[in-house]
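Chain and residue survey
Listed below, chain by chain, are the residues.
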Amino acid sequence: MKNKYAIGIDLGGTKVLGGIIDKTTGEVLYKVKNKTKKEKGEEKITSIIFETIDELLTVSKFKKEDISSIGIGAAGQVDREKGILISAINLNCKDLNLKDLIEEKFGIKTYIGNDVEVAALGELNFGAGKNFKDIVCVFVGTGIGSSIIKDGKIHYGASGTAGEIGHMIVDLNGRACACGANGCLEAYASRSAIESRILGAIKKGRKSIITDFAPKLSSISSKHIKQSLDAHDEVVSQYVNEAVSYLSGGLASVMNFYNPELIILGGGLIQSVDEFYLETIRKAKVKALPTPAKNIQFKRAELGDYSGIIGAALLEDVQNDRN
């Protein structure tokens, strides 16, 4: 029984989602969600993770000895071997040894991976990637994250950072990216990039119905973008189309270079805005070379918010395979 169940944690910039997962079926048996407070940092984040695990064990009535492992998918750079969250800008965390801290408190083996990597694992085993071997998963949100699956396994690259499509350079002298470089794809095609362009236009005096849907304009969501497109808003349509042009170009480059059999697209914009998803696919196929464009398949991610916790629960098995 013990090897069947694991806890998966999705550690994001605004929330911590945890679940007890049946690793044989991918079923989420129990789930708990907690917000990451404004006061972030190593101690606060560790405390919220502890709270989430405690709640899961209490609600489920599972005993610690029933749980095979704890897996964490974190939005940031990670050291998979040592279980350290090296850097997570959105969480204000640096060199946080989650593995040691969690194992000391709960006595359960703990593993850590990148957030997009674990989402890709979930989709590969129980979602859109089932029955495929060579896949690229791309998630469009605040940034653009991706992961490469080669021969049915995550491809990490020489330094463990393979798949950073969001930091593919699309304009040599382009916009500043949060990573410190200029011209990165996510500075042009992420939800935050679209938001920035819309806000810039409004500040210059252009009118947009999105101000009715998001009056404070402090946070423009995928839902607000969808509502504005449905209302045929000129400003929102312009910058969504701009993002589609850049994202489709990036995906065409991936198709030409890596030649995957499947590209899985996920994230709020992809799930919420049909036009964004469908036009990105259409334009990517037009821009790519004929042979990879003819053979490629595209799918939306199927597991929604649960792809991360399902994939995180599988990290123990992945680590064992690597060893």
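Coordinates for the structure precede this section.
What counts, and at which threshold
Residues numbered from 1 in each chain as written. Predicted model: local features only at pLDDT ≥ 70, side-chain atom pairs only at ≥ 80, totals over all residues. Heavy atoms only, no water. Helix = DSSP H or I, 4+ residues; strand = E, 2+ residues; numbered from the N terminus. Rg over C-alpha atoms; globule rule 2.2 N^0.38 Å. Buried < 20%, exposed > 50% of the residue type's maximum accessible area, 1.4 Å probe, protein only. Areas by Shrake-Rupley, 256 points an atom, 1.4 Å probe, with all protein chains shown as cover. Lys, Arg positive; Asp, Glu negative; His and termini not counted. Charge placed at Lys NZ, Arg CZ, Asp CG, Glu CD. Salt bridge = Lys/Arg side-chain N within 4 Å of Asp/Glu carboxyl O. Axes fitted to C-alpha atoms, helices over the stretch in contact; angles between N-to-C directions. Left-handed = near helix turned anticlockwise from the far one by under 90°. Contact = heavy atoms within 4.5 Å. Pairing = 2+ DSSP bridges. Expected span 1.5 Å × (residues − 1). Arc of directions from axis to C-beta. Polar contact = N/O pair within 3.5 Å; in protein donor to acceptor, adjacent residues only side chain to side chain.

**Section: the overall build of the chain**
- Helix and strand counts for the chain stand at 13 helices and 13 strands.
- In terms of overall dimensions, the chain is globule-like: its C-alpha atoms have a radius of gyration of 20 Å, near the 20 Å expected for 323 residues.
- For the chain, the residues scored as buried account for 51% of the 323 residues in total.
- Surface summary for the chain: the accessible area is close to 15,300 Å², and the carbon and sulfur share equals 48%.
- On the chain, the mean spot of the 42 positive side-chain charges and the mean spot of the 40 negative ones are 3 Å from each other.

**So, the pattern of salt bridges**
- What the rule picks out here adds up to 14 salt bridges.
- The partner of R282 in a salt bridge is E279, and the shortest N-O contact between them spans 2.9 Å. Separated by three residues within a single helix, R282 and E279 lie in helix α10 (residues 274-287), roughly one turn from each other.
- Given the relative accessible area of 45%, R282 is considered partly exposed.
- With relative accessibility at 29%, the residue E279 sits in the partly exposed group.
- One network of salt bridges, with partners in common, ties together K23, K109, E316 and D317.

**Side note on the packing of helix α5 (residues 191-203) against helix α8 (residues 234-258)**
- α8 packs onto α5 with a crossing angle of 145° between their chain directions and a minimal axis gap of 9 Å. In the packing of α5 onto α8, the handedness of the crossing is right-handed. Here I194, R197, I198 and A201 of α5 lie close against α8, whose contacting residues are V235, V236, Y239, V240, E242 and A243.

**Considerations on the sheet that holds strand β1 (residues 5-11)**
- Read from one edge of the open sheet, five strands run β3-β2-β1-β4-β8, paired in mixed fashion. Of all the strands in the sheet, the pair left with one neighbour each is β3 (27-35) and β8 (110-114). Direction aside, neighbouring strands of the sheet carry axes that sit 20° apart on average.
- Both β1 and strand β2 (residues 15-22) contribute to a ladder of seven bridges, which runs antiparallel. Looking at β2, one finds that A6 is bridged to I21.
- Here helix α1 (residues 42-60) sits on the sheet and contacts β1, β2, β3 and β4 (70-74); the angle it forms with β3, its principal contact strand, is near 140°.

**Concerning α1**
- Taking 1.5 Å per residue as the helical rise, α1 with its 19 residues ought to reach 27 Å, and the 27 Å between its terminal C-alpha atoms agrees with that figure.
- Along α1, the residues that are buried comprise I45, T46, I48, I49, F50, T52, I53, L56, L57 and S60.
- Lining the buried residues of α1 we find β1, β2, β3, β4, β7 (93-97) and α2 (98-106).
- Positive backbone phi, at 65°, marks K61, one or two positions downstream of α1.

**So, helix α7 (residues 222-230)**
- Among the residues of α7, those classed as buried are S222, H224, I225, S228 and L229. Relative to the axis of α7, the buried residues are bounded by an arc of 160° and lie together on one face.
- The inward-facing, buried residues of α7 contact α5, α6 (210-213), α8, α9 (268-272) and α10.
- Positioned one or two residues after α7, H232 has a phi angle of 60°, which is positive.

**Considerations on the side chain of S222**
- If you trace the backbone, S222 turns up in helix α7.
- At 3.3 Å, the side chain of S222 and the backbone nitrogen of L269 are in polar contact.
- Other than its neighbours up to four places away in sequence, S222 contacts R191, G268, L269, S272 and V273.

Treat this as a map of the structure, not an account of what it does.
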